[in-house]
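Breakdown of the fold
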Amino acid sequence: ETGVTQTPRHLVMGMTNKKSLKCEQHLGHNAMYWYKQSAKKPLELMFVYNFKEQTENNSVPSRFSPECPNSSHLFLHLHTLQPEDSALYLCASSPNRAGNTEAFFGQGTRLTVV
Amino acid sequence: GDSVTQMEGPVTLSEEAFLTINCTYTATGYPSLFWYVQYPGEGLQLLLKATKADDKGSNKGFEATYRKETTSFHLEKGSVQVSDSAVYFCALSDEGGSYIPTFGRGTSLIVHP
């Protein structure tokens, strides 16, 4: 148990569906992240939020829409996805200061787009 | 910018073999260095860390020493077990830079009985 909880753990969706991934942390962290992890590829940083404000969007397609209503919750809204979007989506949080700070990860949502 | 380079995997070993996974970094400031481990079906979790030159991080029989002169933080274990099979990520957080951690691409370790 890392203190970061992601739901659901597994999700299968059609290309025309709309779904949302949820991430929750009560570690008092102000920075929250979405990563995509595909087979045989490095971790891809998708979005970063700091104090609920989006600070990074690494050229992510608009079919992925993040939302951060407060510092404890982060969502990733999904719509009209493609099969190549199938991957493990990881949420993480950390203090928003550089240096001796660890990132805490959730267990991920395994997404399959059919 | 900051970057982390890890050796390509997979690394395949027999049980009780010696493990080394190489990691080198570039950073603009003075980074803290981390190793994370990801077991199958799980997220990443911190394995060990070191915050200054010559520090040694250790946990669960794994060790890594912060070498500023060679900008390296190699992960070692004297005798691996099947349960160590996982993906290992080297990472840094640069005190002189962004709070967003920089990760290597990960190295898969497979340990056979």
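Everything discussed here concerns the structure shown above.
As a starting point, this report considers the structure included with it. (Residues numbered from 1 in each chain as written. Chains lettered and ligands numbered in written order. Predicted model: local features only at pLDDT ≥ 70, side-chain atom pairs only at ≥ 80, totals over all residues. Heavy atoms only, no water.)

Residues and elements named next belong to chain B. An order of β3-β9-β8-β7 is seen for the four strands of this open sheet, with the pairing classed as antiparallel. With partners counted over all chains shown, the strands left at the sheet margins are β3 (19-21) and β7 (56-59), one partner each. Across the sheet, the mean angle separating the axes of adjacent strands is 20° when strand polarity is ignored. Across four bridges, β7 lies against strand β8 (residues 62-65) in antiparallel orientation. Bridge pairing links S58 to E63 in β8. (Pairing = 2+ DSSP bridges. Helix = DSSP H or I, 4+ residues; strand = E, 2+ residues; numbered from the N terminus. Axes fitted to C-alpha atoms, helices over the stretch in contact; angles between N-to-C directions.)

In this structure, B:L19, B:W35, B:L47, B:L48, B:F73, B:L75 and B:Y88 are the most contacted members of the largest nonpolar core, which totals 25 residues. Examining the composition of this core, we find that four residues originate from one element, strand β10 (residues 86-94) of chain B, more than from any other. Not counting residues up to four positions away in its chain, the partners in contact with B:F73 are B:C23, B:L33, B:F34, B:W35, B:L48, B:K49, B:A50, B:A64, B:T65, B:Y66 and B:C90. A:M32, A:M46, A:F64 and A:L78 belong to the second-largest nonpolar core, a separate cluster that totals 22 residues. (Core = buried A, V, L, I, M, F, W, Y, C linked by side-chain atoms within 4.5 Å. Buried < 20%, exposed > 50% of the residue type's maximum accessible area, 1.4 Å probe, protein only. Contact = heavy atoms within 4.5 Å.)

A word on the pairing of strand β6 (residues 53-57) of chain A. Successive residues of a regular strand alternate their side chains across the two faces of the sheet. Residue and element names in this part refer to chain A. Looking at chain direction, strand β5 (residues 44-50) and β6 are connected through four bridges and run antiparallel. Bridge pairing in β6 places N50 opposite E53. Counted along the chain from β5 to the antiparallel partner β6, the turn is two residues long, and its residue F51 has a positive phi close to 50°.

This model, assessed by the stated rule, comprises two disulfides over all chains. Note on cysteine connectivity: A:C23 is disulfide-linked to A:C91, with sulfurs 1.9 Å apart. For the disulfide bridge between A:C23 and A:C91, the dihedral angle about the S-S bond is near -70°, and by the sign convention the bridge is left-handed. In this pair, A:C23 is assigned in strand β3 (residues 18-25) and A:C91 in strand β9 (residues 87-94), connecting sequence segments 68 residues apart. Accessibility expressed as a relative area gives 0% for A:C91, which makes it buried. Bridging B:C23 to B:C90, the disulfide has an S-S length of 2.0 Å. Judged by the sign of its S-S torsion, about -70°, the bond between B:C23 and B:C90 is left-handed. Highlighted residues: B:C23 in strand β4 (residues 23-26) and B:C90 in strand β10, separated in sequence by 67 residues. In this structure, B:C23 and B:C90 share a single accessibility class: buried. (Disulfide = S-S within 2.5 Å.)

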